[in-house]
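Structure assessment
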Amino acid sequence: MKRPSTLKRAAGVVLSAFLALTWFSPTQQALRSIPGRISLTQGQSSTLMLGGLTASGEALSVTASQDERLASTGAVDVVARETGGTELLLSLFGIPVRRVEVEVNPEKRLIPGGQALGVAMRTDGVLVVGVSDVADGICPAKASGLRAGDVITSVAGQPVATAEQLTELVSAAGAQPVQIGYLREGQAQSAMLTPHRDDATGAVRLGAWVRDSTAGVGTLSFYDPDTGRYAALGHAITDGDTGAVLTVSKGQVLRASIVAVQKGRKGAPGELKGSFLREAEVLGDIRRNSILGIYGTLEAPAANPLYPDGLPIGLRTTVHTGAATILSSVDGGGIQEYAVEITRVNPQNAPAPKSMVLRVTDERLLDKTGGIVQGMSGSPIIQDGRIVGAVTHVFVSDPTQGYGLYVDWMLQEVEKRS
């Protein structure tokens, strides 16, 4: 076999080094980081990191970033003058290298939330939270293939909506095999199940622990005065035993009052304790429960005394590290605004949780709750006079920190039909 010459080997090394340096150059990093499609709000500035690239576009104003530190790295502020679709042209030394589709939306104003909400929801079907033997080594549910997290939707062709209905239909089957329908991770399945009859009592048993409803406390994120719809929580309502996202059959949000606070500490998230079932003042329905929160329609417009005229939204491309605030109700004083700092912003081109990380800096809130606690999920995040998202989860290891969700993704969920 003929060996490559020294010159060829040297050329290969140089070429490899050149490609590596080019790949990690600011220009290449900028090209990889900018998505093929971005959304802007008319008149709102969005910062893009361009490295050594230049940008231009019709109906778009592109100028050096007003932040001198960012401007020194090649960052620019892009402002859209007209609504509709347009393009951003990226060039290197005057040579076009990429076109980015730009969708320009009219400015959207929302009423920010911050009110405590009671959440009461009945599941669509009956959730299996566990299986157990009904006699020595006998578990009909397990034998049929059922497991925790499955949602039973029918027995013998009859729909199941409550635990009571499940008991009645299984009892009617006696000890004879019966077909059950269920959902597993959203996929419809069926199986044959043979209930067990207790000889001593005559009771017919399934061997499954089930749940058909849940209730808790959360926070309203925003209300859309144009549609009457709302967003809250910023995360899904899940079953505490299985972690499964609960499907909605019927749900309501109710007016709640905070009666006590369990402060958060390292390794033990705190909690807001609310009262709402006794008064049962219904504010609206729950039509959708997703990993990005709960959504529905309010019976009457929501009001915010701090921002009675509402606030414009800030899309994800405008969110940056630095000072921000959240609105929340953590005691009898109603909605209060507390200082936080956004410490990390995660680039996301598709809906997903954990869009940003924030840290509570307001001593008033730290004294009351220790930081972010359960029940504050959904608290709107405000930056630069705009609603940019909502609080979702607390860091178990550090209650002063938590995650936030972009308002972009929440607005998309609002528009979906359940």
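As the structure is a computational prediction, the values presented were derived from the model and not from experiment. (Residues numbered from 1 in each chain as written. Predicted model: local features only at pLDDT ≥ 70, side-chain atom pairs only at ≥ 80, totals over all residues. Heavy atoms only, no water.)

Helix and strand counts for the chain stand at seven helices and 30 strands. Dimensions along the principal axes, computed over C-alpha positions, put the chain at roughly 90 × 75 × 45 Å. Out of the 418 residues in the chain, the part that is buried amounts to 46%. Across the chain, contacts joining residues at least 24 apart in sequence account for 66% of those joining residues at least 6 apart. In the form shown here, the chain has an accessible surface area of approximately 20,800 Å², with 52% of it arising from carbon and sulfur atoms. Of note, the chain has its 38 positive side-chain charges centred 9 Å away from the centre of its 40 negative side-chain charges. (Helix = DSSP H or I, 4+ residues; strand = E, 2+ residues; numbered from the N terminus. Buried < 20%, exposed > 50% of the residue type's maximum accessible area, 1.4 Å probe, protein only. Contact = heavy atoms within 4.5 Å. Areas by Shrake-Rupley, 256 points an atom, 1.4 Å probe, with all protein chains shown as cover. Lys, Arg positive; Asp, Glu negative; His and termini not counted. Charge placed at Lys NZ, Arg CZ, Asp CG, Glu CD.)

What follows covers the nonpolar core. Counting 46 residues, the largest nonpolar core has Phe222, Ile326 and Ile381 as its most contacted members. Core analysis: the next-biggest nonpolar cluster, separate from the first, contains 21 residues, Tyr230, Val253, Ile286 and Ala302 among them. (Core = buried A, V, L, I, M, F, W, Y, C linked by side-chain atoms within 4.5 Å.)

The subject of this paragraph is unusual backbone geometry. Even without glycine at this site, Leu233 takes up a positive phi of about 75°. In this fold, Leu233 is placed in the loop between strand E17 (229–232) and strand E18 (248–255). Even without a glycine there, the phi angle at Lys354 is positive, about 55°. Within the secondary structure, Lys354 is located in the loop between strand E26 (336–345) and strand E27 (356–360).

This next bit is on the environment of Ala215. Here Ala215 is to be found in strand E16 (residues 208–224). With 37 residues separating them in the primary sequence, Ala215 and Gln252 have C-alpha atoms 9.6 Å apart. Other than its neighbours up to four places away in sequence, Ala215 contacts Val119, Ala120 and Phe276.

This part covers the pattern of salt bridges. Scanning the entire structure with this criterion turns up 18 salt bridges. A salt bridge links Asp150 to Arg184; the shortest N-O distance between them is 2.7 Å. With Asp150 in the loop between helix H4 (140–144) and strand E10 (151–155) and Arg184 in strand E12 (residues 178–184), this residue pair connects regions lying 34 residues apart in the sequence. Each member of the pair, Asp150 together with Arg184, is buried. Several salt bridges share partner residues, and in doing so they unite Arg37, Glu101 and Glu103 into one network. (Salt bridge = Lys/Arg side-chain N within 4 Å of Asp/Glu carboxyl O.)

All right, on to the packing of aromatic side chains then. Inspection of every chain in the model, using the stated rule, returns one aromatic pair. Geometrically, the ring pair formed by Phe395 and Tyr403 is tilted, given 4.9 Å between the ring centres and 55° between the ring planes. This pair shows no difference in class: Phe395 is buried, exactly as Tyr403 is. (Phe/Tyr/Trp six-rings, centres within 6.5 Å; stacked < 30°, edge-to-face > 60°.)

Glancing now at the sheet that holds E27. Backbone-to-backbone hydrogen bonds pair the strands of a sheet. The strands run either parallel or antiparallel. The strand order around the closed barrel formed by six strands is E25-E26-E27-E30-E29-E28, and the pairing between neighbours is antiparallel. Neighbour to neighbour, the strand axes of the sheet diverge by 45° on average, direction disregarded. The sheet contact formed by E26 and E27 spans five bridges and is antiparallel. Counterpart to Ile342 in the pairing with E27 is Leu358. Contacts from helix H7 (residues 407–415) reach strand E29 (386–395) and strand E30 (398–406), with the element oriented near 55° to E30. (Pairing = 2+ DSSP bridges. Axes fitted to C-alpha atoms, helices over the stretch in contact; angles between N-to-C directions.)

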